[in-house]
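One-letter residues, chain by chain:
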Amino acid sequence: MGHFIEDFFKRIQYQGSQDVQFDDLPKLMFQFAKNVPFENIDIIQRKDIEINADNVKRKIIDQSRGGLCYELNPMFYYFLQERGFDVQMVPATVSGNHPEIIETHVTIVLKKNDQQYLIDVGFGANHALQPIPFSGEFVTSLTGEYRVKHDKTEAGEYVLEKYRCEKLEASYSFFLKQINESHLNHMKEVIMKHPHSPFNQSALLTKLTDDGHTTLTDKTFTIVKDGSKNKQSIDSIKLKQLSISQFGIDVGDI
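The model shown is predicted, which means the values in this text are computed figures rather than measured ones.

S.K.: Looking at this structure, how should I read the side chain of Thr-214?
M.R.: Here Thr-214 lies in strand E11 (residues 212–217). Its relative accessible area of 7% is what places Thr-214 among the buried residues. In this view, Thr-214 contacts Leu-205, Thr-206, Lys-207, Thr-209, Phe-221, Thr-222, Ile-223, Gln-246 and Phe-247; residues no more than four positions away in its chain are not counted.

S.K.: Hey, could you run me through the sheet that holds strand E10 (residues 204–209) in this one?
M.R.: Sheet strands pair by backbone hydrogen bonding; their relative direction is either parallel or antiparallel. What the five strands build is an open sheet, ordered E1-E10-E11-E12-E13; its pairing is antiparallel. Single-partner strands in this sheet number two, and they are strand E1 (38–39) and strand E13 (228–233). Bridge analysis of E10 against E11 gives six bridges, and the strand direction is antiparallel. Directly across from Thr-206, in E11, lies its bridge partner Thr-215. Here helix H7 (residues 236–247) sits on the sheet in contact with E10, E11 and strand E12 (220–225), set at roughly 150° to E11.

S.K.: Looking at this model, I keep getting lost on the pairing of E11. Mind explaining?
M.R.: Each regular strand carries side chains that alternate between the two faces of the sheet. Among the six residues in E11, five count as buried, and that is most of the element. Taking the residues between adjacent antiparallel strands as the criterion, E10 and E11 are bridged by two residues. A loop of two residues connects E11 with E12, the two strands running antiparallel in sequence.

S.K.: Got a minute to help me understand helix H6 (residues 181–193) in this structure?
M.R.: Given 3.6 residues per turn, any residue in an α-helix points the same way as the ones three and four places further on. For H6, with 13 residues, the first-to-last C-alpha span of 18 Å sits near the 18 Å given by 1.5 Å per residue. Of the residues making up H6, those classed as buried are His-183, Leu-184, Asn-185, Met-187, Lys-188, Val-190, Ile-191 and Met-192. Where H6 is buried, its residues touch helix H3 (41–44), helix H5 (69–82), strand E2 (86–94) and strand E3 (105–112).

S.K.: Is there a simple way to think about the environment of Ile-5 in this case?
M.R.: Structurally, Ile-5 can be placed in helix H1 (residues 4–12). Sequence separation between Ile-5 and Pro-37 is 32 residues; the distance between their C-alpha atoms is 19 Å.

Basis of the calculations
- Sequence order as written defines the numbering, with residues in each chain counted from 1.
- In keeping with the model being predicted, local features are shown solely for residues with a pLDDT of at least 70 and side-chain atom pairs are shown and tallied solely at 80 or more, while totals for entire chains, interfaces and linings include all residues.
- No hydrogens and no water enter the side-chain calculation; it runs on all heavy atoms of the structure.
- Put simply, DSSP marks the helices as runs of H or I at least four residues long and the strands as runs of E at least two long, and each gets a number from the N terminus on.
- Relative accessibility under 20% of the residue-type maximum defines a buried residue, over 50% an exposed one, and the middle range a partly exposed one, all with a 1.4 Å probe and only protein chains included.
- Whether two residues are in contact is decided by their heavy atoms: any pair within 4.5 Å suffices.
- When DSSP locates at least two bridges between a pair of strands, those strands are taken to pair.
- The angle between two axes is taken between their N-to-C directions and runs from 0 to 180 degrees, where each axis is a line fitted to C-alpha atoms and a helix contributes only its stretch in contact.
- What a helix is expected to span follows from its residue count: subtract one and scale by 1.5 Å.

Shown next as structure tokens:
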């Protein structure tokens, strides 16, 4: 992949050493979340592009775009793999989705010293921003408190939980089964075409900031800063302006 590592660091504006260690991952995840938006513009524009390493790199790095989970987490997975980490991609089922929409989220499991950690940079604004141990202990970041719990159900054998409004809720469940690009393309097909998919109806762009997050849809623009929310209604003209000024993405005619 040529100068992949250098290009990756430049894309996420990371200034640290290229000799990435486990303790560097929170900083890398934070930089990724701030600079690579979660966005579904290709889906809304009905652009059906095969998910593979070259295409993901071209979109996120060369074109300075973002993507959905099946692009963002694989991008980070390719980086971790290139740096020598023991990682695998696994499918997850998002809590609250339509019952037909299963295993359409992809996340990363990293192994270190016989311990396992969940790494996810592709779940909207709900980034833990650090590896989450499978030990059940909570980790805390500016986005909230998270843990991985062993809880075997039809949807998985582990569940990612997060505190929302002082209530611990399940984000998604997952099995420890490795997947490849073939499954990623299946995810994309479901998300693109299923009538109950949450991502094929209207535009969505979101990314983290130093003190919160910014979210843009076809009807609203929301800034969350230090826990305070400012939400305003917008029209199609404002959508195009904000997509470029806030995310560097031209949404075109959608």
